[in-house]
Amino acid sequence: MQLASRMSRLGTESAFEVLARAKALQAQGKSIVNLGIGSPDFRTPENIVEAGRKALANGYHFYTPAKGILELREAVAEDCWKYRHVRVDPNNVMIVPGGKPTMYFAISMFGEPGAEIMYPNPGFPIYESLIHYTGATPVPIELRESSGFSFSADEVLAKITPRTRMIVVNTPANPTGGVIRKAELDKLVAGLEKWPDVVVLSDEIYSRMLYDGEEHVSLYAYESIRDRVILLDGWSKTFSMTGWRLGYGVWPASLIAHAERLQINSTSCPSAPVQVAGIEALRGPQDAVAMMMKAFNERRQVIVKGLNEIPGISCVTPKGAFYAFPNITGTGIPSKQLEVKLLNEAGVAILSGTAFGAMGEGYLRFSYAASLDEIREALKRMKDCLATAGVPSR
Ligand SMILES: Cc1ncc(COP(=O)(O)O)c(C=O)c1O
């Protein structure tokens, strides 16, 4: 067999590999605390499950329009109005199976050899993987702990060249929990006026997961660039629906037909009963979302405090999503090595910062989408493991 050469350029999301390794260790009888995967640990709210059940009973067994059921696209448009204060034409919304397809479609629409695509580093690993896959050159936007893992718009703008096709922005962010400051977004948008051909993929999948009174600033809300912003969001995180596979993209009018064609060439359409459940998620009661966020906030405080009490570790307080991204340079242990050590010796599954790009060296990612007991146990095991390894106390 001769595989296409692009297959050798495709990366992965190692959260799935760590999950498999953790499950294998569990199957051998080892006790594992899993803070590795970015999946909320709550069941999907019952009203949403019931809507999905009813849809199955009521005959939603067939293809839907490729862009998704109109009522769901209308519900997405209402949602954009409610949370982003932007009027969206439901015709420009495309429902997809999860957050990832919008990413895949957008990057494959613009990536090719000779093109440059900018992406956050450390950042969700699929951006860099897909950019490489298309043959385009990935240009990292470095996110630094010293600025709360926000970015400098001046730095981003300085890296744009005539070959730049797209900039990927993710706020609130995986893996850092960082939020890009409004002042930097304002500056970026103003600077983009000089580059009218540069498209923005705005990954806002954690847009409703913010703490400490932070408000989401959507790049989609800036009118001057709206005709070239692809907005990515979905149900996975907000409604704890990672296994249902439901997401959406809001596309510029000039791109929606291309996106639809990619959908027809790949998935045809998202699952029909799942789309009906998605309508209930957006239009039904939102108290379960508030309950989950309250729990995440409590866990966030426990994990950040606990991490800061471990010798060799320091952790800034994340402002969004459900990840803590502690600096581990004080341990003297490289990130990947510490990831493996914690899993094998302490039974704690977390991810090396390098799973999110080269600039994640010196960090680990903890997903605090787990119970307080599990979080406390993971912290205790980590502290003991590092003490055994001889990491000196401060
Ligand atoms: C930043 C970011 N975007 C997109 C996704 C993909 O979401 P989904 O699981 O709905 O495909 C994730 C999942 O972890 C994510 O962290």
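Everything numeric here is computed off the predicted structure, so don't read it as measured data.

About the thresholds
- Residues numbered from 1 in each chain as written.
- Predicted model: local features only at pLDDT ≥ 70, side-chain atom pairs only at ≥ 80, totals over all residues.
- Heavy atoms only, no water.
- Helix = DSSP H or I, 4+ residues; strand = E, 2+ residues; numbered from the N terminus.
- Rg over C-alpha atoms; globule rule 2.2 N^0.38 Å.
- Contact = heavy atoms within 4.5 Å.
- Lys, Arg positive; Asp, Glu negative; His and termini not counted.
- Charge placed at Lys NZ, Arg CZ, Asp CG, Glu CD.
- Axes fitted to C-alpha atoms, helices over the stretch in contact; angles between N-to-C directions.
- Parallel < 35°, antiparallel > 145°, perpendicular 65-115°, else oblique.
- Left-handed = near helix turned anticlockwise from the far one by under 90°.
- Nonpolar A, V, L, I, M, F, W, Y, C, P; charged D, E, K, R; others polar.
- Near = heavy atom within 4 Å.
- Polar contact = N/O pair within 3.5 Å; in protein donor to acceptor, adjacent residues only side chain to side chain.
- Areas by Shrake-Rupley, 256 points an atom, 1.4 Å probe, with all protein chains shown as cover.
- Pairing = 2+ DSSP bridges.
- Expected span 1.5 Å × (residues − 1).
- Buried < 20%, exposed > 50% of the residue type's maximum accessible area, 1.4 Å probe, protein only.
- Arc of directions from axis to C-beta.

(A) Broad picture of the overall build of the protein. Of the regular secondary structure elements, the protein holds 12 helices and 12 strands. At 21 Å, the protein has a C-alpha radius of gyration in line with the 21 Å of a compact globule built from 394 residues. Taken along the three principal axes of its C-alpha coordinates, the protein extends 60 × 55 × 55 Å. The long-range share in the protein, meaning contacts at least 24 apart out of those at least 6 apart in sequence, stands at 75%. Both charge centroids of the protein, one from 42 positive and one from 41 negative side chains, sit 3 Å from each other.

(B) Molecular detail of the packing of helix 1 (residues 14-27) against helix 11 (residues 335-346). Contact geometry of helix 1 with helix 11 gives a least axis separation of 11 Å together with a crossing angle of 20°. Relative to helix 11, helix 1 is oriented roughly parallel. Of the two elements, helix 1 crosses helix 11, and the hand of that crossing is right-handed. Residues Val18, Arg21, Ala22 and Leu25 of helix 1 form the contact with helix 11, whose own contacting residues are Glu339, Leu343 and Asn344. Partitioning the contact of helix 1 with helix 11 into residue classes produces 4 nonpolar, 1 polar and 2 charged.

(C) Structural detail: the site of the ligand. Neighbouring the ligand are 14 residues, the closest being Gly99, Asp203, Tyr206, Ser236 and Lys237. Within the side chain of Ser236, an N or O atom sits 2.6 Å from an oxygen atom of the ligand. Expressed as a share of its isolated accessible area of 390 Å², the protein-covered part of the ligand is 94%. Looking at the shell around the ligand, its residues break down into 5 nonpolar, 5 polar and 4 charged.

(D) Local environment of the sheet that holds strand 11 (residues 351-352). If you trace the 3 strands from one edge of the open sheet to the other, you get 9-12-11, paired in antiparallel fashion. Only two strands of the sheet have a single neighbouring strand rather than two, namely strand 9 (323-324) and strand 11. Alignment of strand 11 against strand 12 (residues 364-367), held across 2 bridges, turns out to be antiparallel. Bridge pairing in strand 12 places Leu351 opposite Arg365.

(E) Spotlight on helix 2 (residues 46-57). The first and last C-alpha atoms of helix 2 sit 16 Å apart over 12 residues, in line with the 16 Å expected at 1.5 Å per residue. Looking only at helix 2, the buried set comprises Ile48, Val49, Ala51, Gly52 and Ala55. What you see down the axis of helix 2 is that its buried residues fit within an arc of 160°, all on one side. Turning to helix 2, the residues buried within the fold contact helix 9 (272-283). After helix 2 finishes, the residue Gly59 shows a positive phi value of roughly 90°.

The values reported here are purely geometric and, on their own, carry no functional implication.
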